[in-house]
Each structure stands twice: as C-alpha cells, then as structure tokens.
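Geometric and topological summary
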Amino acid sequence: MNRKLTARLAGFVGASALALGGVVVAAPAAQADGAGCANYLAQVPNSRSTTDGNLACGLGAAGLPVSPVLCRTVLATVSQVNGTATDAACKQAKQ
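The rules behind each value
- Counting from 1, residues in each chain are numbered in the order their sequence is written.
- The predicted origin of the model limits local features to residues at a pLDDT of at least 70 and limits the giving and counting of side-chain atom pairs to 80 or more, whereas totals for whole chains, interfaces and linings rest on all residues.
- By convention in this description, side-chain values take in all heavy atoms of the structure and omit both hydrogens and water.
- Starting at the N terminus, helices and strands are each numbered in turn, a helix being any DSSP run of H or I of at least four residues and a strand any DSSP run of E of at least two.
- Buried residues are those whose accessible area, probed at 1.4 Å on protein chains only, stays under 20% of the maximum for their type, while exposed residues exceed 50% and partly exposed ones sit between those limits.
- We call two residues contacting when some pair of their heavy atoms lies within 4.5 Å.
- A helix is expected to span 1.5 Å multiplied by its residue count minus one.
- As used here, the arc is the angular range of directions from the helix axis to the C-beta atoms.
- The nonpolar core is taken to be a set of buried Ala, Val, Leu, Ile, Met, Phe, Trp, Tyr and Cys residues, with the residues joined through side-chain atoms within 4.5 Å.
- Two cysteine sulfurs form a disulfide in these notes if their separation is within 2.5 Å.

Before going further, it helps to spend a moment on the overall build of the protein. Counting its regular elements, the protein contains five helices and zero strands. Its helices and strands in sequence order give the protein the pattern α-α-α-α-α, from N to C terminus. Counting every position in the protein, which comprises 95 residues, the buried fraction comes to 32%. For the protein, long-range pairs separated by at least 24 residues make up 64% of all intrachain contacts whose partners lie at least 6 apart in sequence.

Time to look at helix α4 (residues 67-78). In this model, α4 (twelve residues) spans 16 Å end to end at C-alpha, consistent with the 16 Å of a helix rising 1.5 Å per residue. Those residues of α4 lying buried are S67, L70, C71, V74, L75 and V78. Along the axis of α4, the buried residues cluster in a sector spanning 120 degrees; they form a single face.

With that settled, the discussion passes to the nonpolar core. With 17 residues, the main nonpolar core has C37, L41, V74, L75, V81 and A89 as its most contacted residues. For this core, the secondary-structure elements that each account for two or more residues are α2 (35-43), α3 (51-61), α4 and α5 (83-94).

This part takes up the state of the cysteines. Here the structure, examined in full by the defined rule, presents two disulfides. What pairs with C71 in a disulfide is C90, and their sulfur atoms sit 2.1 Å apart. Residues C71 and C90 share a disulfide whose torsion about the S-S bond is about -95 degrees; that sign makes it left-handed. Here C71 is found in helix α4, whereas its partner C90 is found in helix α5, with 19 residues between them in sequence. With a relative accessible area of 3%, C90 lands in the buried category.

Have a look at this one:
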C-alpha cells in the first residue's frame, strides 16, 4: 500500500471512531441531520457523495463543541474537498 492511501485510511478510521463515540454521547442533542451539507457537496463541481463526506456532514450536524473542526478535518483531509467547499458544507451542516 502506498503511504497516501494508508494515511487516508488511518484518518478515516480515526474520524469514524471519534464519530461513533460522539454520536453516542450527543444523539439526544443532535438537531440537524447534515442533509444540507450533503446536498451542498453533491452540487459542488468535481465532487461526489461519499461515505466519508456523509460522515463529515453528520459530524458537523452533531452539535458537539468539536463538530465544526471534525467536519472540516474529515472533508479536507479524508475526502480531499477544497477549502471553500469544505467551509460552506460545514456551515450547512450546522443549520
């Protein structure tokens, strides 16, 4: 395996572990579902719906204090979405 793929997989596994732990803790407090974020990502040119993108949107909508950071980290690092689209998608997740 090359290093780039290994790094992406490690990032995805780490983010997934954080998400699962955060979802269990914040499930009652979650008010948004991340649909606005996922819809925004689907409309971005050269982008597609991915499992890690949907995970990032869910993290952004979770309502945890670290949700915006996790959303941006997963979208930028794992999904490799550009910075402008990442910021806009994570803002959609909070609404």
